Amino acid sequence: MEDPLSERPDTLDGYRLIRLIGRGGFGEVWLCRSEAMGDYRALKWIPSTNKGRLEKEYASLLHCRKAAAALRSPSLLAIEHVGRTDNGLYYVMPLADGVTDTDPADPGWIPLSLAEKLRGQTELPVWFSSAEVIALMSPVLEGLQIFTEAGLVHRDVKPD
């Protein structure tokens, strides 16, 4: 059986996929660039390994996007575009900050995540203070609270 991840196109609805920046249980996250605007985004690609699950995921994404459009918070990341092909579905989001100030096109650019913050902290002589832990986790918890109050469930919260 052919790997459905290999069936992903190089361009999806005007977004050119540049390189893989993450992988999870549902699919891959790619650094992409808008061919119209030239700006960078993150594109999550979910292959069609299970058509039934894919249909449910597509319906959930559309519902979440519509519901979340009314929720304005710096703790929430917007889903800007949802699309599908015969081989899978995808959605486009703003790109996270990088670990360094390098341009996302630079192969050394790494998205800033909690995992990267933890890795960086291990190189320092002291661990996070209680106040720093609260500052790191508060936006995550606020975003989840906003989702919950709107009757939504995120379903993709990971430690990093």
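Residues numbered from 1 in each chain as written. Predicted model: local features only at pLDDT ≥ 70, side-chain atom pairs only at ≥ 80, totals over all residues. Heavy atoms only, no water.

### Notes on the pairing of strand β3 (residues 28–34)
Then, in step 1: Among the seven residues that make up β3, five are buried, leaving the element largely enclosed by the rest of the structure.
Then, in step 2: As paired elements, strand β2 (residues 15–23) and β3 share seven bridges and run antiparallel to each other. Bridge pairing in β3 links R23 to E28.
Then, in step 3: Examined bridge by bridge, β3 and strand β4 (residues 40–47) share six bridges and lie antiparallel to one another. Bridge assignment links W30 to a residue of β4, and that residue is L43. (Buried < 20%, exposed > 50% of the residue type's maximum accessible area, 1.4 Å probe, protein only. Helix = DSSP H or I, 4+ residues; strand = E, 2+ residues; numbered from the N terminus. Pairing = 2+ DSSP bridges.)

### Regarding the packing of aromatic side chains
Geometrically, a pair of aromatic rings is defined through the distance of the ring centres and the angle of the planes.
Then, in step 1: The final tally for this structure, using the stated rule, is two aromatic pairs.
Then, in step 2: When the centroid spacing of 6.5 Å and the interplanar angle of 20° are considered together, the rings of W45 and Y90 count as stacked. Of this pair, W45 sits in strand β4 while Y90 sits in strand β6 (residues 88–94), and the two are 45 residues apart along the sequence. Pair check on accessibility: W45 and Y90 agree, each one buried.
Then, in step 3: Aromatic side chains W127 and F128 sit 5.1 Å apart centroid to centroid with 70° between the ring planes, which places their arrangement in the edge-to-face category.
Then, in step 4: Look at F128 and you get buried, because its relative accessible area is 15%. (Phe/Tyr/Trp six-rings, centres within 6.5 Å; stacked < 30°, edge-to-face > 60°.)

### Quick word on the pairing of strand β5 (residues 81–85)
Within a regular beta strand, the side chains point alternately toward one face of the sheet and then the other, so they alternate between its two faces.
Then, in step 1: In the sheet, β5 pairs with β6 via five bridges, with the strands oriented antiparallel. Its bridge partner lying in β6, H81 is registered against V92.
Then, in step 2: Hairpin connection from β5 to β6: two residues lie between these consecutive antiparallel strands.

### Focus on a nonpolar patch on the surface
Then, in step 1: There is a patch of nonpolar side chains on the surface, built from V99, I110 and L112 and spanning about 220 Å² of accessible area.
Then, in step 2: Relative to the helices and strands, L112 is located in the loop between β6 and α2 (114–122).
Then, in step 3: For L112, a relative accessible area of 35% translates into the label partly exposed. (Patch = residues over 30% accessible without salt bridge, like charges linked within 9 Å, V, L, I, M, F, W, Y side chains within 5 Å. Areas by Shrake-Rupley, 256 points an atom, 1.4 Å probe, with all protein chains shown as cover. Salt bridge = Lys/Arg side-chain N within 4 Å of Asp/Glu carboxyl O.)

### With respect to the environment of L43
Then, in step 1: Mapped onto the elements of the fold, L43 is located in strand β4.
Then, in step 2: The sequence separation of L43 and R16 amounts to 27 residues, and the corresponding C-alpha distance is 9.7 Å.
Then, in step 3: Leaving out residues up to four positions away in the same chain, L43 has contacts with L12, Y15, L17, E28, V29, W30, C32, Y90, Y91 and V92. (Contact = heavy atoms within 4.5 Å.)

### Quick word on the pattern of salt bridges
Then, in step 1: Tallied over the full model, the rule gives six salt bridges.
Then, in step 2: Salt-bridge contacts for R16 lead to E35; the nearest nitrogen and oxygen are separated by 3.3 Å. Remark: E35 occurs in the loop between β3 and β4 and R16 occurs in strand β2; sequence separation between them is 19 residues.
Then, in step 3: In this structure R16 comes out as partly exposed when scored by relative accessible area, which is 38%.
Then, in step 4: Its relative accessible area of 46% is what places E35 among the partly exposed residues.
Then, in step 5: Shared partners join several salt bridges into a network, and the residues in it are D39, R41 and E80.

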